[in-house]
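Results of the structural survey
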Amino acid sequence: MTARQVLTYPDPFLRQPTQPVAAVTEDTRRLIEDMIETMYAEPGVGLAAIQIGVDQSVIVYDVSAPEGERQAQALINPKILEQSGSQLSENEGCLSVPDFRADVQRAARVRVKGLDREGRPVEFAAEGFLAIVLQHEIDHLRGILFIDRISSLKRELYKRRVKKQMKHSA
Ligand code: NI
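All figures in this text were calculated on a predicted structure; none of them were measured in a lab.

Turning to the sheet that holds strand β7 (residues 121-127), a few remarks are in order. Judged by pairing direction, the sheet is antiparallel, and its five strands sit side by side in the order β1-β2-β3-β6-β7 without closing on themselves. At either end of the open sheet lies a strand with only one pairing partner, and these are β1 (46-48) and β7. Ignoring strand direction, the axes of neighbouring strands in this sheet form an average angle of 40°. Sheet analysis places strand β2 (residues 58-61) next to strand β3 (residues 73-84), joined by four bridges and oriented antiparallel. Opposite Ile59, over in β3, you have Leu75 as the bridge partner. Its contacts with the sheet place helix α2 (residues 128-140) against β1, β2, β3, β6 (109-115) and β7, and it is angled at close to 125° to β7.

As structure tokens, then:
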């Protein structure tokens, strides 16, 4: 397992839509292992393959308590089948949007389907924090970042800050 480098905004690769995985193979499982390693190294609660420069439809997440036994999950070709209700995701963040957090309005409940790392179909319902993480990661697969879902005022503030930082480091 190797932790990989996480791409950050405004890297254009993050905006690219991902390709569905045609067949779940050893390569897919190796990718998943690297993604989990990267997620823990950062640390984060979720990661999409696109964030480490792989345009495949794969996400990993772990919403278990960091001090307990870790329970990393992987979903291949995930899709939200249904969503309902709404909840405020407070101080949402993203490994690809460093040093920035904001509240995001998310669905309260989702029903998700995909494939597990053996390639078996899975389908389940989620609510609360897990529902937030799933929506966030599945957004990544369509090139959507959480800053696209906040007020334009806050988004502009963030964009300006990044521009300034880039100028200073250039
Ligand atoms: Ni993210």
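Next, the rest of the story.
Quantified by volume, the largest pocket comes out at close to 450 Å³. The wall of the largest pocket is formed by 24 residues, among which Val45, Glu92, Gly93, Cys94 and Arg101 lie closest to the centre. Elements with a contribution of two residues or more to the lining of the largest pocket: β4 (87-94), β5 (97-106) and α2. Broken down by class, the residue content of the lining of the largest pocket amounts to ten nonpolar, eight polar and six charged. Looking at the second largest pocket, its volume works out to about 190 Å³. Thr18, Gln19, Pro20, Ser57, Asn77, Pro78, Lys79, Ile80, Ile138, Leu141 and Arg142 are the residues that line the second largest pocket. Ranked by residue count, the leading element in the lining of the second largest pocket is β3, at four residues. Of the residues in the lining of the second largest pocket, the class split is five nonpolar, four polar and two charged.

Before going further, it helps to examine helix α3 (residues 152-169). Here α3 is 18 residues long and its end C-alpha atoms lie 26 Å apart, about the 26 Å a rise of 1.5 Å per residue gives. In this structure, the buried residues of α3 make contact with β5.

So, on to α2. Counting along an α-helix, one turn takes 3.6 residues, and residues three or four places apart therefore face a common direction. Its 13 residues give α2 an end-to-end C-alpha distance of 19 Å, which sits within 8% of 18 Å, the value for a rise of 1.5 Å per residue. In terms of residue burial, α2 counts as a mostly covered element, since ten of its 13 residues are buried. Turning to α2, its buried residues are Ala131, Ile132, Val133, Leu134, Gln135, His136, Glu137, Ile138, Asp139 and His140.

This brings us to the nonpolar core. With 17 residues, the main nonpolar core has Leu31, Ile32, Met35, Leu47, Ile52, Val58 and Val60 as its most contacted residues. Among the elements of the structure, α1 (26-41), β2 and β3 are those that each provide at least two residues to this core. If you tally residues by element for this core, the top one is α1, at five residues. With residues up to four places along the chain from it excluded, the contact list for Ile52 reads Arg4, Gln5, Val6, Leu31, Met35, Thr38 and Leu47.

As for its position among the elements, Gln87 is in strand β4. Take Gln87: its relative accessible area is 17%, and that puts it in the buried class. Residues Gln87 and Ala131 lie 44 residues apart in sequence; the distance between their C-alpha atoms is 9.7 Å. With sequence-adjacent residues up to four places away left out, Gln87 is seen in contact with Val104, Gln105, Arg106, Ala107, Ala108, Gly128, Ala131 and Ile132. For Gln87, the side chain forms a polar contact with the main-chain oxygen of Ala107, separated by 3.1 Å. A distance of 3.1 Å separates a polar atom in the side chain of Gln87 from the backbone oxygen of Gly128.

About the criteria used
- Residues numbered from 1 in each chain as written.
- Predicted model: local features only at pLDDT ≥ 70, side-chain atom pairs only at ≥ 80, totals over all residues.
- Heavy atoms only, no water.
- Pairing = 2+ DSSP bridges.
- Helix = DSSP H or I, 4+ residues; strand = E, 2+ residues; numbered from the N terminus.
- Axes fitted to C-alpha atoms, helices over the stretch in contact; angles between N-to-C directions.
- Contact = heavy atoms within 4.5 Å.
- 1 Å grid on protein atoms, 1.4 Å probe; cavity = no way out; pocket = protein on both sides within 12 Å on 5 of 7 lines; lining within 4 Å.
- Points joined across faces, edges and corners; volume = space filled by probe spheres on them.
- Nonpolar A, V, L, I, M, F, W, Y, C, P; charged D, E, K, R; others polar.
- Expected span 1.5 Å × (residues − 1).
- Buried < 20%, exposed > 50% of the residue type's maximum accessible area, 1.4 Å probe, protein only.
- Core = buried A, V, L, I, M, F, W, Y, C linked by side-chain atoms within 4.5 Å.
- Polar contact = N/O pair within 3.5 Å; in protein donor to acceptor, adjacent residues only side chain to side chain.

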